[in-house]
Amino acid sequence: MGKTEDFYLKLKDSLDATTKFPSEYLYKFIVPANGNQVAEIESLFKGTSAKFSTKASKTGKYISLSVKVRLSSSNEVITYYRKVEKVEGIISL
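What counts, and at which threshold
- Residues numbered from 1 in each chain as written.
- Predicted model: local features only at pLDDT ≥ 70, side-chain atom pairs only at ≥ 80, totals over all residues.
- Heavy atoms only, no water.
- Pairing = 2+ DSSP bridges.
- Helix = DSSP H or I, 4+ residues; strand = E, 2+ residues; numbered from the N terminus.
- Contact = heavy atoms within 4.5 Å.
- Axes fitted to C-alpha atoms, helices over the stretch in contact; angles between N-to-C directions.
- Salt bridge = Lys/Arg side-chain N within 4 Å of Asp/Glu carboxyl O.
- Buried < 20%, exposed > 50% of the residue type's maximum accessible area, 1.4 Å probe, protein only.
- Arc of directions from axis to C-beta.

**Student:** Explain the sheet that holds strand β4 (residues 91–92) here, please?
**Tutor:** Neighbouring strands of a sheet are bound in pairs by backbone hydrogen bonds; such pairs are parallel or else antiparallel. Reading across from one edge, β2-β3-β1-β4 is the order of the four strands in this open sheet, with antiparallel pairing throughout. Whereas interior strands pair on both sides, the edge strands pair on one side only; in this sheet they are β2 (51–56) and β4. With 10 bridges connecting them, strand β1 (residues 23–32) and strand β3 (residues 62–71) associate as antiparallel partners. Counterpart to K28 in the pairing with β3 is S66. Helix-sheet contacts for helix α2 (residues 37–44) involve β1, β2 and β3, and the interaxial angle to β1 is about 155 degrees.

Put into structure tokens, the structure is as follows:
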């Protein structure tokens, strides 16, 4: 289930109040380890300066994925959240 519009409005207000853009933004996601979600997320950031790091959970069932990317506005941050939320099984932190 995707995030609500209210969530994104609050996030935008918070980012605008606390972040001077352009800025590095760190996304953190958890995905099932048995699929291709990591590659799917990486493809969404293709053409950007994004740096990716992954870490498997202790049980090996999940992968933690961090994406650090330089973005130009709070709207751009939200645009990527909207793209990523369509990936099956993803948890955004």
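**Student:** I keep staring at the pattern of salt bridges and nothing clicks. Help me out?
**Tutor:** A side chain of one charge can pair with a side chain of the opposite charge if their charged atoms are brought near each other. Taken as a whole and assessed by the stated rule, the structure comprises three salt bridges. Notably, a salt bridge pairs R82 with E5, separated by 3.0 Å at the nearest N-O pair. Highlighted residues: R82 in helix α3 (residues 74–84) and E5 in helix α1 (residues 5–18), separated in sequence by 77 residues. By relative accessible area, which is 48% here, E5 ends up partly exposed. Linking K10 and D6 is a salt bridge whose minimum nitrogen-to-oxygen distance equals 3.4 Å. A residue pair is termed a helical-turn pair when its members lie 3 or 4 positions apart in one helix, as K10 and D6 do in helix α1 at four residues.

**Student:** Would you mind showing me how to read α3 here?
**Tutor:** In an α-helix, one turn spans 3.6 residues; hence positions three or four apart end up facing the same way. Taken together, the buried positions of α3 are occupied by S74, V77, I78, Y80, Y81 and V84. One side of α3 carries all its buried residues, which in axial view fall inside an arc of 160 degrees.

**Student:** What should I look at first to understand the side chain of S66 in this one?
**Tutor:** Along the chain, the position of S66 falls in strand β3. When sequence neighbours within four positions are dropped, the list of residues in contact with S66 reads L26, Y27, K28, K51, F52 and S53.

**Student:** I tried to follow the environment of P32 on my own but got confused; where do I start?
**Tutor:** Take P32: it is sitting in strand β1. Considering only alpha carbons, one finds P32 and K12, 20 residues apart in sequence, at a separation of 28 Å. Residues contacting P32, with those up to four places away along its chain left out, are Q37, K61, Y62 and G89.

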